[in-house]
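# Tertiary structure, described
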Amino acid sequence: MAATIIDGKAVSAEVRAELKKEVEALGGRGVTPGLAVVLVGDDDASRRYVRNKKKGCEEVGIYSQEHTLPAGTSEEELLALIGKLNADPKIDGILVQLPLPKHLDEKRVIEAIDPGKDVDAFSEANVGRIMIGNYTFLPCTPAGIMELLRHAGVELEGKECVVIGRSNIVGKPMAMLLMHANGTVTICHSRTHNLAGVARRADVLVAAIGKPKFVTADMVKPGAVVIDVGMDRDENGKLCGDVDFEAVKEVASAITPVPGGVGPMTITTLLKNTVTAAKLHHENAR
Ligand code: NAP
């Protein structure tokens, strides 16, 4: 039997409708959450992400600022802008779109963001808090996936969860959140031996690799839940995921499509984090 398709657009719409209500309620108390998105250079994919973030803000009523800087911007100029945004009471969340041009030190730039406004949760302080389980913000993609799993009614306790990919923004925090939810977690990467064998153990398989259609049907246990984080291009230049969707959906019990799966939830979590930051800033200011 073909898998249930986990519809990220539908879940995202539900969460955004809830957020919109929350933002309206905050408005009644004189609080408007604000997000600043900083883009350096003119990478097409980054521009598209920034546009979608702006649209998301408009949809739920978050005030947004877009700062587009030329590719040749110096680190001092970028840090000066972040300093201003850190001090701006209208801004609750700051997001610097990655990747940055090579001459800029991403680590130094991320660390310059006030951790209370780091709505991507990429700073060392926020990553450390996630590790301990005492966090304010969760990184957007893994937290969006957890929300999708909750909505799909996927039970994680005691289950074999395999994450393919160990990046700081997806793989590692994903594994941490699955562990916090009492999954038994294995992380695979480019040096893993017998990756197909490890993947086949998974009740929940998360692919965050960046290689089109890498996960094939023979790597998936019948009945597994498959989450595809990949945003890749196939041989015809068409958007696809890290999972061979057509073949794997015949084996899995549930699967996220690309597009329309994880992607919409990433931005929705960013909006959620911005609203959380606004609430905290408002409470702290009282
Ligand atoms: P990344 O930083 O390039 O990390 C890729 C990971 O995959 C690395 O840990 C790498 O292992 C592993 N890997 C690469 N080739 C492999 C192989 N042949 N076998 C096993 N593991 C392999 O990528 P990322 O930022 O995590 O992103 C992953 C994918 O998700 C990309 O397609 C990206 O566009 C997409 N993405 C989507 C969203 C969304 O909202 N939908 C958000 C973020 C990212 P090593 O560590 O050993 O090199």
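All of these numbers come straight from a predicted model, not from anything done at the bench.

On to the pattern of salt bridges, then. Per the counting criterion, the structure on display carries 13 salt bridges. R16 serves as the salt-bridge partner of E59, at 2.9 Å between the closest nitrogen and oxygen. Highlighted residues: E59 in helix α2 (residues 44-60) and R16 in helix α1 (residues 8-28), separated in sequence by 43 residues. Across the pair R150 and E147 runs a salt bridge whose closest N-O atoms are separated by 3.3 Å. You can see R150 and its partner E147 sitting in helix α6 (residues 140-151), three residues apart, about one turn around the helix. R150 sits in the exposed class, given a relative accessible area of 55%. Classification of E147 as buried rests on a relative accessible area of 13%. Shared partners join several salt bridges into a network, and the residues in it are E75, D105 and R108.

We now examine the site of the ligand. Around the ligand lies a shell of 21 residues, among which R166, S167, S190, D232 and T266 are the nearest. At 2.5 Å from an oxygen atom of the ligand is found a side-chain nitrogen or oxygen belonging to S167. Taking S190, its side chain carries an N or O atom lying 2.5 Å from an oxygen atom of the ligand. Here the ligand occupies the largest pocket. It is helix α10 (residues 262-285) that provides the largest number of residues to the shell around the ligand, a total of three residues. Partitioned by chemical class, the residues of the shell around the ligand number nine nonpolar, nine polar and three charged.

Next up on the list: the environment of I5. With respect to the helices and strands, I5 occurs in strand β1 (residues 4-5). Since its relative accessible area comes to 40%, I5 is described here as partly exposed. Sequence spacing of I5 and G261 is 256 residues, and the spatial spacing of their C-alpha atoms is 8.7 Å. Ignoring any residue separated from it by four or fewer positions in sequence, one finds I5 in contact with F245, K249, I255 and P257.

The next thing to look at is empty space enclosed by the protein. The final tally for this structure, using the stated rule, is one cavity of 30 Å³ or more. There is about 50 Å³ of room inside the largest cavity. What lines the largest cavity is simply I94, L95, V96, I110, I113, D118, D120 and F122.

Within soluble globular proteins, side chains that are nonpolar generally end up buried alongside one another. Within the largest apolar cluster, 51 residues are counted, with the highest numbers of intra-cluster contacts made by L149, L178 and V206. When residues in this core are grouped by element, the largest group, eight residues, is from α10. The residues touching V206, leaving out its near neighbours within four places in the chain, are I145, V162, V163, I164, M174, L178, I227 and V229. Counting residues in each nonpolar core, the second largest holds 19 residues, with V162, A202, V243 and I255 among its members.

Once that is clear, we can look at a positive patch on the surface. A cluster of basic side chains, namely R47, R48, R51, K55 and R233, defines a positive patch on the protein surface. For the positive patch, the leading source of residues is α2, giving four residues. Relative to the helices and strands, R48 resides in helix α2.

What follows deals with the environment of A87. As for its placement among the helices and strands, A87 is situated in helix α3 (residues 75-87). For A87, a relative accessible area of 62% corresponds to the exposed category. Measuring from C-alpha to C-alpha, the distance between A87 and D105 comes to 22 Å, with 18 residues separating the pair along the chain.

Procedures and definitions
- Residues numbered from 1 in each chain as written.
- Predicted model: local features only at pLDDT ≥ 70, side-chain atom pairs only at ≥ 80, totals over all residues.
- Heavy atoms only, no water.
- Salt bridge = Lys/Arg side-chain N within 4 Å of Asp/Glu carboxyl O.
- Helix = DSSP H or I, 4+ residues; strand = E, 2+ residues; numbered from the N terminus.
- Buried < 20%, exposed > 50% of the residue type's maximum accessible area, 1.4 Å probe, protein only.
- Near = heavy atom within 4 Å.
- Polar contact = N/O pair within 3.5 Å; in protein donor to acceptor, adjacent residues only side chain to side chain.
- 1 Å grid on protein atoms, 1.4 Å probe; cavity = no way out; pocket = protein on both sides within 12 Å on 5 of 7 lines; lining within 4 Å.
- Sits in = over half its atoms within 2 Å of the grid points.
- Nonpolar A, V, L, I, M, F, W, Y, C, P; charged D, E, K, R; others polar.
- Contact = heavy atoms within 4.5 Å.
- Points joined across faces, edges and corners; volume = space filled by probe spheres on them.
- Core = buried A, V, L, I, M, F, W, Y, C linked by side-chain atoms within 4.5 Å.
- Patch = residues over 30% accessible without salt bridge, like charges linked within 9 Å, V, L, I, M, F, W, Y side chains within 5 Å.
- Areas by Shrake-Rupley, 256 points an atom, 1.4 Å probe, with all protein chains shown as cover.
- Lys, Arg positive; Asp, Glu negative; His and termini not counted.
- Charge placed at Lys NZ, Arg CZ, Asp CG, Glu CD.

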